[in-house]
Amino acid sequence: MGELILIRHGETEWSRSGQHTSHTDLPLTPLGELQARALAPLLADRPIALTLVSPAVRARRTAELAGLAAPRITPELREWDYGGYEGITTDEIHRSRPGWNLWTDGVAPGPEAHPGETPAEVGARADRVLAEVVKAAGRDEGEDVALVAHSHFLRVLTARYLGLTPAEGTLFQLATGAVSRLGTEHGQPVITAWNVTLPESLFSRAVPEIPERDRDRGR
């Protein structure tokens, strides 16, 4: 295959505020929609044969605005289930649980429909996505596969692609509206690009209506 292209959705109200967002199906903010449109020139020259997208509206809308054709809805690409921490910021969690770390401690239990996931469970889900990518890539040698999804899940997937533990996804910070690429070098898995957004000078031309005060907020 070519490369695996990872795309984090554009900004939402909760990504702006730092609230953990898994199953809560928030739309993109106006800035998030602009970020999604600004992805198009970053993807225009890529030979993308297949796009897999999370069921969340924020991911599906990002794929649409980025110009990705015929995305396949893939439930396994959903965000880490935060259980009892849905909608809560890390600072708020630390008030009752000092030293808490998502990557090693997991989450508090949530309701029956959304009980929460451990790092290992998210890692297993990422492994299944990677297996699906390998199977799909066998049909289109040299062409890319794009995944449109969420920050924490894509960070875990990157760790697993590189042969690391799910918890080592903590090493890979990922901004809203960013593009990353995973490939190989001498047959070994590598990161070929990470956390790429359109430079501000070009972004302002592509989406001139973006308010000046918002230009750095989604990065």
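Residues numbered from 1 in each chain as written. Predicted model: local features only at pLDDT ≥ 70, side-chain atom pairs only at ≥ 80, totals over all residues. Heavy atoms only, no water.

A. Just the pattern of salt bridges, in detail. Per the stated rule, a full pass over the model turns up 13 salt bridges. Salt-bridge contacts for arginine 16 lead to glutamate 11; the nearest nitrogen and oxygen are separated by 3.3 Å. Using a relative accessible area of 1% as the deciding quantity, one classes glutamate 11 as buried. Of the charged contacts in the structure, one is a salt bridge between aspartate 144 and arginine 46, with a shortest N-O distance of 2.9 Å. Remark: arginine 46 occurs in the loop between α3 (40-43) and β2 (48-53) and aspartate 144 occurs in strand β4 (residues 144-149); sequence separation between them is 98 residues. For arginine 46, a relative accessible area of 26% gives the class partly exposed. Sharing partners across several salt bridges, the network here consists of Glu3, Arg46, Asp144 and Arg181. (Salt bridge = Lys/Arg side-chain N within 4 Å of Asp/Glu carboxyl O. Buried < 20%, exposed > 50% of the residue type's maximum accessible area, 1.4 Å probe, protein only. Helix = DSSP H or I, 4+ residues; strand = E, 2+ residues; numbered from the N terminus.)

B. Expanded view of the pairing of strand β6 (residues 188-196). Pairing of strand β5 (residues 179-185) with β6, which is carried by 6 bridges, proceeds in the antiparallel orientation. Following the sheet pairing, leucine 182 is matched in β6 by isoleucine 191. In sequence, β5 turns back onto β6 through a hairpin of 2 residues, with histidine 186 there showing a positive phi of about 50°. (Pairing = 2+ DSSP bridges.)

C. Geometry of the layout of surface pockets. Its volume calculated, the largest pocket comes out at about 560 Å³. For the lining of the largest pocket, the elements supplying multiple residues, two or more each, are α1 (13-17), α5 (90-96), α6 (102-105) and α8 (151-161). Partitioned by chemical class, the residues of the lining of the largest pocket number 7 nonpolar, 16 polar and 8 charged. Of the volumes computed, that of the second largest pocket is approximately 230 Å³. Around the second largest pocket, the lining is made up of 17 residues, and of these Ser22, His23, Arg78, Glu79 and His114 lie nearest the centre. (1 Å grid on protein atoms, 1.4 Å probe; cavity = no way out; pocket = protein on both sides within 12 Å on 5 of 7 lines; lining within 4 Å. Points joined across faces, edges and corners; volume = space filled by probe spheres on them. Nonpolar A, V, L, I, M, F, W, Y, C, P; charged D, E, K, R; others polar.)

D. Here's a closer look at the nonpolar core. The biggest cluster of nonpolar side chains holds 31 residues, and the ones touching the most others in it are Leu4, Trp80, Leu147, Phe153 and Leu157. Within the residue set of this core, elements represented by two or more residues are β1 (4-8), β2, α6, α7 (119-137), β4 and α8. If you tally residues by element for this core, the top one is α7, at 6 residues. If we ignore the near neighbours within four places in the chain, the residues touching phenylalanine 153 are Glu76, Leu77, Arg78, Glu79, Val122, Arg125, Ala126 and Val129. If you look at the next biggest cluster of nonpolar residues, it comprises 12 residues, including Leu43, Ala59, Ala66 and Val148. (Core = buried A, V, L, I, M, F, W, Y, C linked by side-chain atoms within 4.5 Å. Contact = heavy atoms within 4.5 Å.)

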